[in-house]
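In case you want the letters, here they are:
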Amino acid sequence: MKVLSKEELRHTIRSLRKNLSSSEHKRLSQRILENIQALGILERATVILAFCPFDGEPDISSIFAQIIKSGKKLVLPKVVGNSLRLCRVGSLELLNAGTFCILEPVECEGVQPEELDLALVPGVAFDRKGCRLGMGKGYYDRTLGRVRAFKVGVAFSFQVFEEIPCDPWDQGVDAVITEEGIFYRR
Ligand code: ADP
Ligand code: MG
């Protein structure tokens, strides 16, 4: 069997993801949210990294308000130069009302990767060993190496494979949550 390169995989999966209808995207994102809630991982964490949906990623932004209202720290990534800056979002007013996503430009109250106690991360593809394929810029690889918290990939089930190409610098996740449920890295 031919093994797809990272570039081929990115291209294939990103177009599948973009081709989801908005109703299907919404339905699957909702099931992912239900699975996150069912696991109870938000309850146990105080400093939580999440993400705004980009390029057709699952939309988990409805948990943002819940995190802030319960007095926990919501952290969202912001691309600065060639790295991700982790910014605490202390108030819902800093979020775009419609999408619940971050308004640009936004002042960044910096959070160190070591301070997180849960990291919810998007990806283009994941495999059973927890290897993560990103968009090709290595942003998360540079940040996740410093994260000591439980790292959870958040993806649609068509983004999960038995095995994907994994380079020595690739930072993996401990588990992946999809609309079908959760699996832990082997
Ligand atoms: P992605 O993780 O977004 O799928 P890649 O893993 O292909 O992207 O990495 C993209 C580029 O980022 C690679 O050329 C790699 O050398 C660089 N890179 C990844 N992690 C690091 C790191 N920790 N320090 C420096 N460069 C890195
Ligand atoms: Mg990588």
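Our structure's up above, just so we're on the same page.
Residues numbered from 1 in each chain as written. Chains lettered and ligands numbered in written order. Predicted model: local features only at pLDDT ≥ 70, side-chain atom pairs only at ≥ 80, totals over all residues. Heavy atoms only, no water.

## Digging into helix H1 (residues 6-18)
We apply this condition: Numbered from the N terminus, helices here are DSSP runs of H or I no shorter than four residues, and strands are runs of E no shorter than two. Helix span is expected to be 1.5 Å times the residue number reduced by one. Partly exposed residues are those whose accessible area sits between 20% and 50% of the maximum for their type, while under 20% is buried and over 50% is exposed, using a 1.4 Å probe and protein chains only. Taking the helix axis as origin, the arc is that swept by the directions to the C-beta atoms. Two residues qualify as a contact provided that any one of their heavy atoms is within 4.5 Å of a heavy atom in the partner residue.
Taking 1.5 Å of rise per residue, the 13 residues of H1 would be expected to cover 18 Å, and the 18 Å separating its terminal C-alpha atoms lies within 8% of that figure. Considered for burial, the residues of H1 that qualify are Lys-6, Leu-9, Arg-10, Ile-13 and Arg-17. Relative to the axis of H1, the buried residues are bounded by an arc of 100 degrees and lie together on one face. Residues of H1 that are exposed and point more than 90 degrees away from the buried face comprise Glu-7, His-11 and Lys-18. Elements that come into contact with the buried residues of H1 comprise strand S9 (132-133) and strand S11 (160-161).

## So, the pairing of strand S10 (residues 150-154)
As a reminder, the rule being used: In this scheme, strands are said to pair when DSSP sees at least two bridges between them.
With respect to burial, S10 is a largely interior element, 4 of its 5 residues being buried. By the bridge criterion, 4 bridges tie strand S7 (residues 118-121) to S10 in an arrangement that is parallel. Considered in S10, the bridge of Leu-118 is made with Phe-150. Judged from the 3 bridges that link them, S10 and strand S12 (residues 175-178) form a sheet pairing that is parallel. The residue of S12 that forms the bridge with Val-154 is Ile-177.

## Brief notes about the site of ligand 1
Let me state the cut-off plainly: Only heavy atoms are used to decide nearness, and a residue is near a molecule or strand if one of them lies within 4 Å of it. We define a polar contact as two N or O atoms separated by no more than 3.5 Å, with the added condition that, inside protein, one atom must be a possible hydrogen donor and the other a possible acceptor, whereas residues neighbouring each other in sequence contribute only through side-chain atom pairs. Under the convention used here, a 1.4 Å probe and the Shrake-Rupley method define accessible areas, while residue burial counts only the protein chains that appear. Gly is put with the polar residues, along with every residue not named as nonpolar or charged; the nonpolar set is Ala, Val, Leu, Ile, Met, Phe, Trp, Tyr, Cys and Pro, and the charged set is Asp, Glu, Lys and Arg.
Close to ligand 1 lie Lys-6, Arg-10, Leu-133, Gly-134, Met-135, Gly-136, Lys-137, Gly-138, Asp-141, Arg-142, Trp-169 and Asp-170. Contacts to ligand 1 include Arg-10, whose side-chain N or O atom sits 2.8 Å from an oxygen atom. Contact distances for ligand 1 include 2.8 Å between an oxygen atom and a side-chain N or O atom of Asp-141. Coverage of ligand 1 by the protein chains reaches 65% of its 560 Å² of free accessible surface. Looking at the shell around ligand 1, the elements with two or more residues in it are H1 and helix H5 (139-144). The residue inventory of the shell around ligand 1, partitioned by class, reads 3 nonpolar, 3 polar and 6 charged.

## Side note on the state of the cysteines
Rules: Note on disulfides: each one is a pair of cysteine sulfur atoms within 2.5 Å.
Scanning all chains against the criterion turns up 2 disulfides. Across the disulfide from Cys-87 sits Cys-108; the S-S distance is 2.1 Å. On the sign convention where negative means left-handed, the S-S torsion of about -105 degrees between Cys-87 and Cys-108 marks this disulfide as left-handed. With a gap of 21 residues between them, Cys-87 in strand S3 (residues 83-89) and Cys-108 in the loop between strand S5 (101-102) and strand S6 (109-110) connect regions that are remote in the sequence. For Cys-87, a relative accessible area of 1% corresponds to the buried category. Taking relative accessible area as the criterion, Cys-108 reaches 27% and is therefore assigned partly exposed.

## A word on unusual backbone geometry
Not every positive phi belongs to a glycine, and Asp-55 is a case in point at roughly 60 degrees. For Asp-55, the location among the structural elements is in the loop between strand S1 (47-49) and helix H4 (62-69).

## A short note on the coordination of the magnesium ion (ligand 2)
The criterion, for reference: A donor here means an N, O or S atom no more than 2.8 Å from the metal, or no more than 3.2 Å when the metal is Na, K or Ca. Since water is not included, a site may seem to lack partners.
Those donors, Asp-141 (OD) and Asp-170 (OD), are the protein atoms that reach the magnesium ion (ligand 2), and they lie 1.9 to 2.1 Å from it. Separated by 29 residues along the polypeptide, Asp-141 in helix H5 and Asp-170 in the loop between S11 and S12 bring together distant segments of the chain.

## Let's talk about the pairing of strand S2 (residues 73-80)
Put simply, the rule reads: If you view a crossover with the strands going away from you and the path from the first strand over the helix to the second runs clockwise, you call it right-handed.
Where S1 meets S2, 3 bridges bridge the pair, whose relative direction is parallel. Pairing of Ile-48 across the sheet is with Leu-74, part of S2. Since S1 and S2 lie parallel, the crossover through H4 that links them has a hand, and here it is right-handed. Alignment of S2 against S3, held across 7 bridges, turns out to be antiparallel. Bridge pairing in S3 links Val-79 to Leu-84.

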